[in-house]
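Residue-level listing of the chains:
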Amino acid sequence: MSLVSEPAAAGAEPGPVVIAQTLPDGTRLQEYRLTGVVGQGGFGVVYRAEDLALQRQVAIKEYLPAQLAVRLSDGTLRASGERHADTYAAGLDGFLDEARLLARFKHPGLLEVLRFWKQNGTAYLAMPLYPGRTLDRLIEARPGGLDAESMRAILASLLDALETLHMAGCVHRDVSPDNVMVLPHGDAVLLDLGAARRVIGDRVKAVTVMLKGGYAPIEQYADDPAFRIGPWTDVYALGAVLHHAIAGEVPPPAPMRMMRDTRRPLAGRVQGDHDPRLLAAIDAAMALRPEARPSSIAAFRALLQAPPAEREPARDAADAAPVFPARRTAGEAPPDAPGSGRRAAGPDAAADAASRGEPAASGAPRRAAAGSRRPRPEPAASPDGPTAARPSAPPSASPAAREEAGP
């Protein structure tokens, strides 16, 4: 890291020396020593680091909004000017709020927070150093689209992770391929919620700062409380991610689709071994109007479990099976297994519930996970913070449902 100037004389206000530069290798942060840079974005940088106390490799994320911050010669960060001070501070608070939120969860599909702290005028978050590649890099390497086997493990992880967040009253609001880490064994980890970027975007009124075109639904573009954010918001983004992964193309941004929808549905045009029910579920998730989408992850799962439409009669039990096996907690016998005492729920109830945009009823696959093999954690009460508001009912919900969902 090269310095472009030295600080001002003693007693004077120190001048910035490096604009939004990363810290050099060997820098000590608490019990960690930095050993390299993993990646850098517009609002933060991720370092590779050694945990000197536990003798293990970790990753350290630093809050570093490139357009708002300057690095001083002692390594500290500060706002690049008085007019950016409040926005820089608000983004820092958002970064810490997100760290507190994620630290509550212990789920293999969500980023694990080892610890977080404030230092050098900014904040840091320590997390495991995940092996693998982000989904956007994986898609780049396979321009023809990912195969069904790869999609099975990725989708199972994302559905479990999102459902865990939604059960705790949280909405991710930043599901995109660059926020999904695909591990060597095929499962995926949903990375950060982008709280700092969202807070900064809100303050500077820059939609392009807050949102990722192609993945954000139309309600995220509207500065109007009538356009409610909820689980259906993540359902759209999930559909867009799956569309990109399978078709190899980013869907058009939602505002463009509102003017003239050029997105071509996947059902009926995608070649390969992808189940038609999955393709139809993705198309349903990408409905522009929130009330036309599956309203929850449970409703999306119900579409995956629905009976195949317009297909030849199943030749055997394997052909008639749902797209993915039902979700089970650890040690639970599958439906209809010897000694289970339970029968598998028929698909009709799930399909009817999905057609109404409702979660599956008891006995239908409300807990049917797309290929999940993991127990669901018991999240704590929802904390305060911009990403932890309890999701309201979708815009099409009845007054009674909205009253139950809360403001």
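Everything numeric here is computed off the predicted structure, so don't read it as measured data.

**Student:** Sorry if this is basic, but what is going on with the nonpolar core here?
**Tutor:** In a soluble, globular protein the nonpolar side chains are often hidden away together inside. By size, the foremost hydrophobic cluster in this structure holds 81 residues, and its most contacted members are Ile 60, Leu 135, Leu 155, Leu 190, Leu 238 and Phe 300. If one sorts the elements of this core by residue count, helix H6 (residues 231–247) sits on top with 9 residues. Not counting residues within four places of it along the chain, the set of residues in contact with Leu 190 comprises Gly 109, Leu 110, Leu 111, Leu 158, Ala 161, Leu 162, Leu 165, His 172, Asn 179 and Val 180.

**Student:** Explain the pairing of strand E4 (residues 56–63) here, please?
**Tutor:** Two faces belong to every sheet, and in a regular strand the side chains alternate between them. Counting buried positions over the 8 residues of E4 gives 6, a clear majority of the element. Both strand E3 (residues 44–51) and E4 contribute to a ladder of 8 bridges, which runs antiparallel. Looking across to E4, one finds that Tyr 47 is bridged to Ile 60. Between E3 and E4, which follow one another and run antiparallel, lie 4 residues, and Gln 55 among them has a positive phi close to 55°. Pairing of E4 with strand E8 (residues 122–128) involves 5 bridges; the strand directions are antiparallel. Across the sheet, the residue bridging to Val 58 is Pro 128, located in E8.

**Student:** How do you make sense of the sheet that holds strand E10 (residues 180–182) when you look at a structure like this?
**Tutor:** Two modes of strand pairing occur in sheets, parallel and antiparallel, and in both the strands are linked by backbone hydrogen bonds. What the 3 strands build is an open sheet, ordered E9-E10-E11; its pairing is antiparallel. Sheet topology places strand E9 (133–134) and strand E11 (188–190) at the edges, where each strand pairs with a single neighbour. Alignment of E9 against E10, held across 2 bridges, turns out to be antiparallel. Following the sheet pairing, Arg 133 is matched in E10 by Val 182. The sheet contacts of helix H3 (residues 148–167) involve E10 and E11, and relative to E11 the element is tilted by about 30°.

**Student:** What is the right way to read the sheet that holds E8 from this model?
**Tutor:** Taking strand neighbours across the sheet as the criterion, the 6 strands line up as E1-E2-E3-E4-E8-E7 in an open arrangement whose pairing is antiparallel. Bordering the open sheet on either side are strand E1 (28–29) and strand E7 (115–119), each of which pairs with just one other strand. Strands E4, E7 and E8 of the sheet are contacted by helix H1 (residues 82–103), whose axis makes an angle of about 25° with E8.

**Student:** Would you mind showing me how to read the confidence of the model for the protein here?
**Tutor:** One rule of thumb: low pLDDT means the predicted coordinates there are not for detailed reading. For the protein, per-residue confidence averages 75 on the pLDDT scale, and residues scoring 70 or more make up 66% of the total. The model gives residues 1–20 a pLDDT under 50, and that stretch makes 42 contacts with residues more than four places away or in other chains. Taken as a whole, residues 310–392 scores under 50 in pLDDT and shows 152 contacts with residues more than four places along the chain or in a different chain.

**Student:** What is the right way to read the pattern of salt bridges from this model?
**Tutor:** It is possible for side chains bearing opposite charge to pair when their charged atoms get close. Per the stated rule, a full pass over the model turns up 18 salt bridges. The shortest N-O distance in the salt bridge between Lys 106 and Glu 112 comes to 2.5 Å. Classification of Lys 106 as exposed rests on a relative accessible area of 60%. For Glu 291, the salt bridge goes to Arg 289, with nearest N and O atoms at 2.6 Å. Ionic contacts of the salt-bridge type, sharing partners, join the residues Asp 160, Glu 163 and Arg 301 into one network.

How each quantity is defined
- Here the residue numbering is sequential within each chain, running from 1 through the sequence in written order.
- Reporting in this predicted model follows two pLDDT cut-offs: at least 70 for local features of residues, and 80 or more for side-chain atom pairs to be given and counted; totals over whole chains, interfaces and linings ignore these cut-offs and use all residues.
- Values shown for side chains rest on all heavy atoms present in the structure; no hydrogens or waters enter the calculation.
- In this description, a nonpolar core means a group of buried Ala, Val, Leu, Ile, Met, Phe, Trp, Tyr and Cys residues linked to one another through side-chain atoms lying within 4.5 Å.
- Remark: exposure states derive from per-residue accessible area (1.4 Å probe, protein chains only) relative to the maximum for the residue type, with buried under 20%, exposed over 50%, and partly exposed in between.
- By definition, any uninterrupted DSSP run of H or I lasting at least four residues is a helix, any uninterrupted run of E lasting at least two residues is a strand, and each is numbered from the N terminus.
- The contact definition used throughout considers only heavy atoms, calling two residues in contact when any of these lie within 4.5 Å.
- At least two bridges found by DSSP between two strands is the condition for calling them paired.
- Each axis is a line fitted through C-alpha atoms, taken for helices only over the stretch in contact, and angles between the N-to-C directions span 0 to 180 degrees.
- A score between 0 and 100, pLDDT records how confident the predictor is in each residue.
- The working definition used for a salt bridge is a side-chain nitrogen of Lys or Arg within 4 Å of a carboxyl oxygen of Asp or Glu.

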